[in-house]
Amino acid sequence: MTLPHQTPKPYVTTGMGNVNSFSRRTASVHICKKDGKDRILHMVPMYDLKREYLADRQRYLDLFDGVCTDAAFSDGKYVRAFESAFAARFGDGFFAAALGSGTDALFLTLTALDVGPGDEVIVPSATFTATPGAVKMTGARPVFADCDPDTWQIDPAHVSSLITGRTKAAIGVHLYGNPFDAPALRRITDAAGIPLIEDCAQSFGAELNGVRTGCFGAAACFSFYPTKNLGAFGEGGAVLSRDRALAERVGFLKKHAKTEDGDHPVLGYNMRMSGLQGAFLCRKLEGTDAFLARKRAIAGQYLAAVGDSPVLVPQALVPGSLPSYHLFVLKTDDREAFRRFMADRGVETAVQYPVPCHLQGVFADGSRLPVTEELFRRAVSVPIYPYLTDAETASVADALQAYCRERQ
Ligand SMILES: Cc1ncc(COP(=O)(O)O)c(C=O)c1O
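Since this is a predicted model, take the numbers as computed values, not measurements. In this convention, every chain numbers its residues from 1, walking through the sequence in written order. Side-chain atom pairs in this predicted model are given and counted only at pLDDT of 80 or more, local residue features only at pLDDT of at least 70, and totals for whole chains, interfaces and linings cover all residues.

*Asks:* Summarise the packing of helix H3 (residues 76-88) against helix H9 (residues 275-286); cite the residues concerned and give the values.
*Replies:* Angles here are taken between N-to-C directions and fall from 0 to 180 degrees, while the axes themselves are lines fitted to C-alpha atoms, restricted in helices to the stretch in contact. The secondary structure listing takes helices from DSSP runs of H or I that are at least 4 residues long and strands from runs of E that are at least 2 residues long, numbered from the N terminus. The N-to-C vectors of H3 and H9 enclose an angle of 35°; their axes lie 7 Å apart at closest approach. Crossing of H3 over H9 shows left-handed handedness. Contacts between H3 and H9 involve Gly-76, Tyr-78, Val-79, Ala-81, Phe-82, Ala-85 and Phe-86 on the former and, on the latter, Gly-275, Gly-278, Ala-279, Leu-281, Cys-282 and Leu-285. Here a crossing is called left-handed whenever its near helix is offset anticlockwise from the far helix by less than a right angle, and right-handed whenever the offset is clockwise. Here the contact rule is simple: place C-beta atoms from the backbone, and any two residues whose C-beta atoms are within 7 Å are in contact.

Given below as structure tokens:
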């Protein structure tokens, strides 16, 4: 895999936007006012996903040709190959079921574990809406845990206090790509006799005490959404487990729950991975170590730039973590002022989750989680896409340093 560090060619020119609209346009130029005059800046984008494709275009075109020539469009041999390669990355004795998305992975894991109406599943509120959303899709109730004030990860002590006779499982999320304290949470779930599910949608490539995230729970759920550390050219997800029966159950449910004799004994779903994504992901899996190393190097520059400034505080790592930096998130003193400052220096920023899950209309249950709420008021992320050029990462680091100096 080539990671081009030179300045990219200028692309379509548009203004700032929310990161959620990145797929509809490519922001590379930003116009801002300085001393009453328009100034044109090269905008450092949160993502520019076509760079990865363009760096290895012919390989991807060849893969496209292979899948189409084999007509292996849905599931099929390319997806089988990806499942094997993906599971092997975690060591012997793992099984993977490739799916249409990370949400499918969470939903089918819960379904395979017989979670349903009347059950409760403990989840952090500091996560993407899909984590509690998958619980709700099963008919069970998500019960929200607060997070640790420094690591921003699920607080095991709070989880412990939320367990009732109706608790059927707990889901820990490796937030922003960095590991939560899975062994601590596992001790609590084991004592309660419930499975721990790892939501690894953001943490492909992260480790804790030399163990890859995804290896701590009864099952782990991955997303291959294009912005993820292992991103498809479309949607994708997977369940990983040492429990062969669980992985096979997920594989059965994802294909309409059809038995060999053509019966459908339970309700099944169409949550298959497409053959193209299987082929692309197999290829991308080969390059992930370079991709992750580049992200860690970029994070190192940003961490050096903010130092121990009290105005921009990065996520603290659980001891023993090897982070994967899906995102680089900072807790700011004044989020809007920070975002304006960065925009004026040509750096796009994003607020990933403006509303904590427990306050979202679909889940609001009257609970208040002060640590999560404070984090969500102040958190903002800066670009850490591995295809950023050296010049772009330097300009992000310079802007971070300048902000800290100015506000201190
Ligand atoms: C923590 C978390 N869980 C689950 C998901 C859902 O993954 P997908 O978008 O592939 O359905 C995401 C996606 O962003 C996520 O960040």
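Next comes the rest of the description.
*Asks:* Lay out the site of the ligand in plain terms, naming residues and giving numbers.
*Replies:* Residues are counted as near a molecule or strand when the C-beta atom, derived from backbone positions, lies within 6 Å of that molecule or strand. Residues in contact with the ligand amount to 14 residues; listed here are only the nearest, Ser-101, Gly-102, Thr-103, Ala-201 and Ser-223. Elements with a contribution of two residues or more to the shell around the ligand: helix H4 (102-112) and helix H5 (130-138). Polarity classes work like this: nonpolar for Ala, Val, Leu, Ile, Met, Phe, Trp, Tyr, Cys and Pro, charged for Asp, Glu, Lys and Arg, and polar for all others, with Gly in that last group. Residues of the shell around the ligand, tallied by class, amount to 5 nonpolar, 8 polar and 1 charged.

*Asks:* Got a sec to walk through the sheet that holds strand E15 (residues 379-382)? Specific residues and values, please.
*Replies:* Paired strands, as defined in this entry, are two strands with at least two bridges between them according to DSSP. With antiparallel pairing, the 3 strands of this open sheet are ordered in space as E12-E14-E15. Among the strands making up the open sheet, the edge pair consists of strand E12 (312-314) and E15. Direction aside, neighbouring strands of the sheet carry axes that sit 40° apart on average. One ladder, built from 4 bridges, connects strand E14 (residues 328-332) with E15; its direction is antiparallel. When the sheet's bridge partners are listed, Leu-330 is paired in E15 with Val-380.

*Asks:* For the pairing of strand E11 (residues 237-241), give the residues involved together with the corresponding values.
*Replies:* Burial within E11 is extensive, with 5 of its 5 residues counted as buried. Burial is judged by counting other C-beta atoms within 10 Å of a residue's own C-beta: 20 or more means buried, 12 or fewer means exposed, and anything between counts as partly exposed, with every C-beta placed from the backbone. Here E11 shows two buried faces, one formed by Gly-237, Val-239 and Ser-241 and the other by Ala-238 and Leu-240. Two strands pair when backbone bridges link them, and strand E3 (residues 95-99) and E11 are joined in this way by 5 bridges, in the antiparallel orientation. Directly across from Leu-99, in E11, lies its bridge partner Gly-237. Pairing geometry for strand E10 (residues 219-223) and E11, over 4 bridges, is antiparallel. The partner of Cys-221 across the bridge, within E11, is Val-239.

*Asks:* So what's going on with the environment of Pro-310? Residues and values would help.
*Replies:* Within the element layout of this structure, Pro-310 appears in the loop between helix H10 (288-306) and E12. Residue class for Pro-310 comes out exposed when judged on the 11 C-beta atoms lying within 10 Å of it. When the C-alpha atoms of Pro-310 and Cys-404 are compared, they prove to be 8.2 Å apart, with 94 residues separating the residues in sequence.

*Asks:* Go over the nonpolar core, please, and point to the residues and values.
*Replies:* A set of buried residues drawn from Ala, Val, Leu, Ile, Met, Phe, Trp, Tyr and Cys, joined through C-beta atoms within 7 Å, is what defines a nonpolar core. Counting 107 residues, the largest nonpolar core has Ala-96, Val-121, Cys-221, Phe-222, Ala-238 and Val-239 as its most contacted members. Residue contributions to this core peak at 6 residues, all from H4. Of the residues that make up this core, three or more belong to each of domain 1 (19-49 + 288-407) and domain 2 (54-286). Domain boundaries shown here were taken from an automatic or database domain assignment.

*Asks:* Can you explain the environment of Ala-145? Please cite residues and give values.
*Replies:* Its place among the elements puts Ala-145 in strand E5 (residues 141-145). We classify Ala-145 as buried; it has 27 C-beta atoms within 10 Å. Each C-alpha atom of the pair Ala-145 and Ser-125 lies 6.1 Å from the other, and the pair is 20 residues apart in sequence. In this structure, Ala-145 is in contact with Ile-122, Val-123, Pro-124, Ile-154, Asp-155, His-158, Val-159 and Leu-162, ignoring residues within four places of it in sequence.

*Asks:* If you had to explain the pairing of E10 to someone new, which residues and values would you point to?
*Replies:* Buried residues dominate E10, accounting for 5 of its 5 residues. Covered by surrounding structure in E10 are Ala-219, Cys-221 and Ser-223 together with Ala-220 and Phe-222, the residues of both alternating faces.

*Asks:* Can you explain the domain arrangement of the protein chain? Please cite residues and give values.
*Replies:* Think of interface size as the accessible area that goes away when the parts come together; that is how it is often given. Domain boundaries assigned for the protein chain yield domain 1 (19-49 + 288-407) and domain 2 (54-286). Averaged C-alpha coordinates put domain 1 and domain 2 at centres separated by 26 Å. Contact residues are listed per partner, giving 29 residues for domain 1 and 36 residues for domain 2. Put simply, the parts of the chain that give the side of domain 1 that touches domain 2 at least two residues each are H10, strand E13 (321-322) and helix H12 (370-378). Among the residues making up the side of domain 1 that touches domain 2, the classes are represented as 19 nonpolar, 10 polar and no charged.

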